[in-house]
Amino acid sequence: MSTQLTAPGRLGGTFGAIAVPARMRATMLRRSLREHPGPTVAGLVGLLAAAWLIRYALRGDQHTLGLLAGAWVLGWIVLPLLLGGGRGRVRPAHLRLEPIGGVPAAIGLLAASAIGVGPAVSLVALAALPVHAARYGTLAVLVTAGGAVLLWLLGLIGSAIALEVVGHAGGPAGALLTGVFTGTAMGVAGSLWAVFPWVSVVLVAAPQEVVRAMAYVPSAWPVAAVTGPTGQAVGRMAGLVVIVALCAAAYIMLVRRVIAAGSPFRPRRTASASPAAAEREWLGWVPAATRAVVGRELRAWTRHPLRLQYLAFAVVYGALLAGLPLLSDVDLLLPWAGPLAVLGAAAMSAGLVGLDGTALWLPLTTPGGERAEVRGRALAWLVLVTPIGVLLAVAGVLLAPDVDPLAALCTLPALLGAGASVPVWVSLLRVRPVADPRHPTAADNPTDIVSVLVAIAAGLLAAAPVLALVVWGPPEAAPLLPLVGLLGGASAWWGGLWLADERLARRGTAVLAAAGQRSRPPETVLPLTWDVQWYRENTSTAWALGLLTVGWIPVIPQGLMPLAFGIDSGWIVAGHLDGGARTTVGLAMVGLGVAMLLTGLVLWDRRPQPGGAAQPAPPG
């Protein structure tokens, strides 16, 4: 008797193999719903959003509906990467030992991916497209329903590809995406005054620029197919089919690669030329030890997940803070995209020593290593961030030709000088170790609000002379602004390097011990009620809290509001004065507030620690 399977037998075996991932996924989902209420709560929230989208589709604008549908599909692809959606998912690597080909495996994995709360809610949400098309007849409903299914397949396949690629690309890809997402969220939150009016206009009727752009967005094609000419309708639906087919083919190739090799990517070649070799050509004037640190830091910036996340956050956040006001026809901030991104990158770099753990012993045991370490870190940051800041500033100037960019361009070198060196000193001064430097996670946060504020304040202090000349200087002083900006940046650069050199040379062992800790020291417990005994025993902590709380009042309402915005009120002292007296009192208030804040920071840093004595003050 022949042992070969007949055609029906082989077909049944293929269908059985395809059904295995779906059964695995159904079992995992069933257990997950019993053990964790999170998916159920997320599903209810998603159903509420889908119901609102369907309600909007009844009477809303078709272009806005296409935009919302595209945002839904994009969120379906991106959000699982940020929220851990890969857990409980059947992956191609799970089928490596199974006798199944690439195409059946891909079909089975997609069938498994379709089983879940997210795909079901997304299918309900995309039903808004045929609901909107019901006004055009039965044929329009059928066409848009087919388009909605294609968009659903696009989201399903795109999510599977993203989870597999980003998950196996390691931390950097996921961290980069996280930084972009969080930077976008914070940028939108910081520009709500410009975003909300635009959103209200779009929900009523899409502007003409949105209408023109939606012609190239696949999520708008199903509805456009039933409202436009027949020839364009066929072309748009065929284009949507082609996009889905290409994504499916890419996923099949990805699954085949994983089943055959265990990874969707080729292993990284270790024999490739080191970036340090190229750096020697254009950093020949830098000492060899410093060049080595520069090469190490640049490699760390491009490979370390948290560094990539911080850099992406700073760039996106600064660009959106300057660009989103365009939604309300405000282009005044566009030239400031570069300075804002540089300032954000400096703030996010104020705790990087905590990520290195005990690796800091290398410069401490090398002759002249402390000096090379400080300068290498600062120079690497400057090499990395300067092109980003310049490109964003130039792009803002080109997009807003009617705005005078002189102030923004002249503050850029001042911010670069301060941002390169001062965060090195701050990260050595306030070391916050992470749990495991060898396996960084998104939960690690080596910075705190004090370090961020100090880094930002240093940049603003370096740029203050330029801003003062712009606001209060005579028009004849405009040619001096570039020189003032360069001098401010150079002063901040050398000042930050001197402070960092002193800290690492005199307190290097203390910094190394702090960076090597696996758990942070206990935080100071603040009483929630009035406790006289606590305030008597922690006088410096109480003064620090008071100064850090009250110090903002002279800076913002008593100083910046009357000086920069001309805001007067009964309790603003400078508002009752005119001319030079008004300016003098406003500047004095800003100086008083800055002094209070700095004193509060010093007292807070020297506060008594739980279970130990007060921290000794750093020498010098």
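Residues numbered from 1 in each chain as written. Predicted model: local features only at pLDDT ≥ 70, side-chain atom pairs only at ≥ 80, totals over all residues. Heavy atoms only, no water.

Summing up its helical and strand segments, the chain has 25 helices and zero strands in all. In the chain, which comprises 620 residues, the share counted as buried stands at 41%. Partitioning the contacts of the chain with sequence separation of at least 6, the portion at a separation of at least 24 is 77%. Just so you have it, the chain exposes about 31600 Å², and 70% of that area is on carbon and sulfur atoms. (Helix = DSSP H or I, 4+ residues; strand = E, 2+ residues; numbered from the N terminus. Buried < 20%, exposed > 50% of the residue type's maximum accessible area, 1.4 Å probe, protein only. Contact = heavy atoms within 4.5 Å. Areas by Shrake-Rupley, 256 points an atom, 1.4 Å probe, with all protein chains shown as cover.)

Okay, the environment of Tyr 216 next. With respect to the helices, strands and loops of the structure, Tyr 216 is situated in the loop between helix H10 (208-214) and helix H11 (221-227). Between the C-alpha atoms of Tyr 216 and Arg 236, which are 20 residues apart in sequence, the distance is 9.7 Å.

Moving on, we get to the nonpolar core. Core analysis: the largest hydrophobic core is formed by 43 residues, its most contacted members being Val 342, Val 374, Trp 381, Val 385 and Leu 428. Looking at this core, the elements that each hand over two or more residues are helix H14 (288-303), helix H15 (305-323), helix H16 (337-348), helix H18 (369-399), helix H19 (406-429), helix H20 (449-472) and helix H21 (481-515). Once residues within four sequence positions are removed from consideration, Val 374 is found in contact with Val 424, Leu 428, Leu 497, Ala 500, Asp 501 and Leu 504. By size, the runner-up hydrophobic cluster in this structure holds 41 residues, among which are Trp 76, Ala 162, Leu 254 and Val 255. (Core = buried A, V, L, I, M, F, W, Y, C linked by side-chain atoms within 4.5 Å.)

Moving on: empty space enclosed by the protein. This model, assessed by the stated rule, comprises two cavities of 30 Å³ or more. Estimates place the volume of the largest cavity at around 100 Å³. Contributing to the lining of the largest cavity are Glu 297, Trp 301, Arg 307, Ser 349, Leu 352, Arg 377, Trp 381, Gly 419, Ala 420, Pro 423, Val 424 and Ser 427. Looking at the lining of the largest cavity, the elements that each hand over two or more residues are H14, H18 and H19. Per-element accounting of the lining of the largest cavity gives the leading share, five residues, to H19. (1 Å grid on protein atoms, 1.4 Å probe; cavity = no way out; pocket = protein on both sides within 12 Å on 5 of 7 lines; lining within 4 Å. Points joined across faces, edges and corners; volume = space filled by probe spheres on them.)

Inspection of the secondary structure puts Ala 337 in helix H16. Take Ala 337: its relative accessible area is 7%, and that puts it in the buried class. Considered as a pair, Ala 337 and Leu 392 are 55 residues apart in the sequence and their alpha carbons are 5.6 Å apart. Every residue in contact with Ala 337, bar those within four places of it in the chain, is listed here: Gly 318, Ala 319, Ala 322 and Leu 392.

Moving on, we get to H18. With 31 residues, H18 should cover 45 Å at 1.5 Å per step; its first-to-last C-alpha distance of 45 Å lies within 8% of that length. The sharpest bend along H18 reaches about 30° and sits at Val 385, with the proline Pro 387 one to four residues further on. (Expected span 1.5 Å × (residues − 1). Bend = angle between axes of the 7 residues up to and from the residue.)

Moving on: the packing of H16 against H18. Where H16 contacts H18, the axes come no closer than 7 Å and their chain directions differ by 155°. Accordingly, the angle class assigned to the pair H16 and H18 is roughly antiparallel. Note on packing geometry: the crossing formed by H16 with H18 is right-handed. Note on element contacts: H18 touches H16 through Trp 381, Val 385, Gly 389, Leu 392 and Ala 393, opposite Ala 337, Gly 338, Ala 341, Val 342, Ala 345 and Ala 346. (Axes fitted to C-alpha atoms, helices over the stretch in contact; angles between N-to-C directions. Parallel < 35°, antiparallel > 145°, perpendicular 65-115°, else oblique. Left-handed = near helix turned anticlockwise from the far one by under 90°.)

Per the counting criterion, the structure on display carries seven salt bridges. Glu 373 is paired through a salt bridge with Arg 296; the nearest N and O atoms lie 2.8 Å apart. In this pair, Glu 373 sits in helix H18 while Arg 296 sits in helix H14, placing the two residues 77 residues apart along the sequence. By relative accessible area, Glu 373 is classed as buried at 4%. One continuous salt-bridge network, built from bridges that share partners, spans Arg 296, Glu 297, Arg 307, Glu 373 and Arg 377. (Salt bridge = Lys/Arg side-chain N within 4 Å of Asp/Glu carboxyl O.)

Here the structure, examined in full by the defined rule, presents four aromatic pairs. Considering the side-chain rings of Trp 76 and Trp 152, the 6.2 Å spacing of their centres and the 45° angle between planes classify their relative orientation as tilted. In this pair, Trp 76 is assigned in helix H3 (residues 62-82) and Trp 152 in helix H7 (residues 138-168), connecting sequence segments 76 residues apart. Comparing Trp 76 with Trp 152, the two get one shared label, buried. The interplanar angle of 25° and the centroid separation of 5.4 Å between the aromatic rings of Phe 313 and Tyr 317 together place this pair among those described as stacked. (Phe/Tyr/Trp six-rings, centres within 6.5 Å; stacked < 30°, edge-to-face > 60°.)

What follows concerns the packing of H14 against H15. Between H14 and H15, the shortest axis-to-axis distance is 6 Å and the interhelical angle comes to 75°. Taken together, the axis directions place H14 and H15 in an arrangement best described as roughly perpendicular. Facing Glu 297, Ala 300, Trp 301, Thr 302 and Arg 303 of H14, the residues of H15 in contact are Pro 305, Arg 307, Leu 308 and Leu 311. When the residues that make up the contact of H14 with H15 are grouped by side-chain class, the tally is five nonpolar, one polar and three charged. (Nonpolar A, V, L, I, M, F, W, Y, C, P; charged D, E, K, R; others polar.)

On to the confidence of the model for the chain. Considering every residue of the chain, the mean pLDDT works out to 79; 82% of them sit at 70 or more. Throughout residues 270-280 the model reports pLDDT below 50, and contacts reaching past four residues in sequence, or to other chains, amount to eight contacts. Scored below 50 in pLDDT, residues 611-620 makes 16 contacts in the model with residues more than four places away or belonging to other chains. (pLDDT = per-residue confidence, 0-100.)

Looking now at the side chain of Glu 297. Inspection of the secondary structure assignment puts Glu 297 in helix H14. Here Glu 297 falls in the buried class, since its relative accessible area comes to 3%. Excluding its chain neighbours within four sequence positions, the residues that come into contact with Glu 297 are Arg 307, Gly 376, Arg 377 and Ala 380.

Further remarks concern a nonpolar patch on the surface. Residues Ile 449, Leu 453, Trp 552, Ile 556 and Leu 560 make up a contiguous nonpolar surface patch of roughly 440 Å² in combined accessible area. Breaking the nonpolar patch down by element, the ones donating at least two residues are H20 and helix H24 (552-564). Of all the elements, H24 adds the most residues to the nonpolar patch, at three residues. (Patch = residues over 30% accessible without salt bridge, like charges linked within 9 Å, V, L, I, M, F, W, Y side chains within 5 Å.)

To continue, consider helix H4 (residues 102-113). The terminal C-alpha atoms of H4 lie 16 Å apart, and with twelve residues this matches the ideal 16 Å at 1.5 Å per residue to within 8%. Among the twelve residues of H4, nine are classified as buried, and the element is accordingly described as predominantly covered. Buried within H4 we find Gly 102, Pro 104, Ala 105, Ala 106, Gly 108, Leu 109, Leu 110, Ala 112 and Ser 113.

Residue position: Leu 333 is located in the loop between H15 and H16. Classification of Leu 333 by relative accessible area gives partly exposed; the value is 31%. Residues Leu 333 and Ala 322, eleven residues apart in the sequence, show an inter-C-alpha distance of 4.8 Å. Discounting residues that sit within four places of it in the chain, Leu 333 has contacts with Leu 321, Ala 322 and Pro 325.

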